[in-house]
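Here are the chains, one letter per residue:
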Amino acid sequence: MGRKVILAPYDPLWVKQYEAAAGQLTAVFQPILVAMHHIGSTAIPGIKAKPTIDIMIVVTSVTAVEPLLPRMSGLGYLSKGENGIVGRHYFRKGSDTNHTHHVHVFGENHPEIARHLNFRDFLCHHQEDAQAYSQLKERLARQFFTDPEAYTHQKTSFIQEIDKKAHLWRRTQAVLS
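Residues numbered from 1 in each chain as written. Predicted model: local features only at pLDDT ≥ 70, side-chain atom pairs only at ≥ 80, totals over all residues. Heavy atoms only, no water.

(A) Geometry of helix α1 (residues 13-29). End to end, α1 covers 24 Å across 17 residues, agreeing with the expected 24 Å (1.5 Å per residue, within 8%). Along its buried surface, α1 packs onto β1 (33-39), β2 (53-59), α2 (69-74), β3 (77-79), β4 (88-94) and β5 (99-107). (Helix = DSSP H or I, 4+ residues; strand = E, 2+ residues; numbered from the N terminus. Expected span 1.5 Å × (residues − 1). Contact = heavy atoms within 4.5 Å.)

Below is the structure:
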């Protein structure tokens with residue numbers, strides 16, 4: 001049986017799960033670590049999410065990740081390489097049907113870093129948009145319960161719209177500070 005799209009109500013324990021994983025990952029990435037962030041829907045209070053903790057790690061250079069692969073494997077993370085995003089090293093923890101953690105590693109200044117942080121922060125500060133995203137995800141989870149790829153694909157246009165809003169919002173925040 002393949003993966004299913006199962007959403008859960010926001011759970012404050014997701015923050016604790018991130019913090020526990022971040023402690024382990026910091027020990028692995030310390031020599032090249034620049035920053036670590038909880039991203040994705042589990043980092044946005046009040047919205048439904050697949051209960052998979054997304055972690056973004058910023059490192060001095062993504063090519064420096066290769067020697068760390070045995071330690072990541074020892075923690076239960078499977079290396080998936082770039083996995084569709086040039087300049088990223090992606091890890092998944094868990095089985096093929098139940099992923100508990102996703103780790104996205106980017107070298108400093110990769111454009112995906114700002115995009116992920118802007119998206120998260122914008123939705124944390126704009127509850128109406130966050131609830132619209134949550135409702136879209138609920139509808140798509142019902143429609144594509146047995147097709148996670150279609151579920152993800154169908155969210156793309158909404159995410160791109162939020163990305164635009166989030167980019168403008170971040171620019172406004174920078175001007176105000």
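(B) Structural detail: the packing of helix α4 (residues 127-143) against helix α6 (residues 156-176). Contact pair α4 / α6: the axes reach a minimum separation of 11 Å and the direction vectors enclose 170°. When the interaxial angle is binned, α4 and α6 end up roughly antiparallel. Handedness of the crossing formed by α4 with α6: left-handed. Facing D129, A132, Y133 and L136 of α4, the residues of α6 in contact are F158, I159, I162 and K165. Residue composition of the contact of α4 with α6, grouped by class: six nonpolar, no polar and two charged. (Axes fitted to C-alpha atoms, helices over the stretch in contact; angles between N-to-C directions. Parallel < 35°, antiparallel > 145°, perpendicular 65-115°, else oblique. Left-handed = near helix turned anticlockwise from the far one by under 90°. Nonpolar A, V, L, I, M, F, W, Y, C, P; charged D, E, K, R; others polar.)

(C) Geometry of the environment of V65. Mapped onto the fold, V65 is located in the loop between β2 and α2. In this structure, the C-alpha to C-alpha distance between V65 and V105, residues 40 residues apart in sequence, is 8.3 Å. Each residue touching V65, except ones within four places of it in the same chain, is listed here: F29, I32, V59, H89, F91 and V105.

(D) Spatial organisation of the nonpolar core. If you look at the biggest cluster of nonpolar residues, it comprises 23 residues, and the most contacted ones within it are L25, F29, I55, I57 and F91. The set of elements that each furnish at least two residues to this core consists of α1, β2, α2 and β5. With residues up to four places along the chain from it excluded, the contact list for I57 reads L25, F29, L33, A35, M36, V103, H104, V105 and F106. (Core = buried A, V, L, I, M, F, W, Y, C linked by side-chain atoms within 4.5 Å. Buried < 20%, exposed > 50% of the residue type's maximum accessible area, 1.4 Å probe, protein only.)

(E) Highlighting the sheet that holds β1. A sheet is described by the order of its strands in space; here five strands give the open sequence β1-β2-β5-β4-β3, paired in mixed fashion. For this open sheet the edge positions go to β1 and β3, each flanked by a neighbour on one side alone. This sheet shows a mean twist of 25° between the axes of neighbouring strands, independent of strand direction. As paired strands, β2 and β5 are joined by seven bridges and run parallel to one another. If you follow I55 over to β5, its bridge partner there is V103. Contacts from α1 reach β1, β2, β3, β4 and β5 within the one sheet, and its direction differs from that of β1 by about 160°. (Pairing = 2+ DSSP bridges.)

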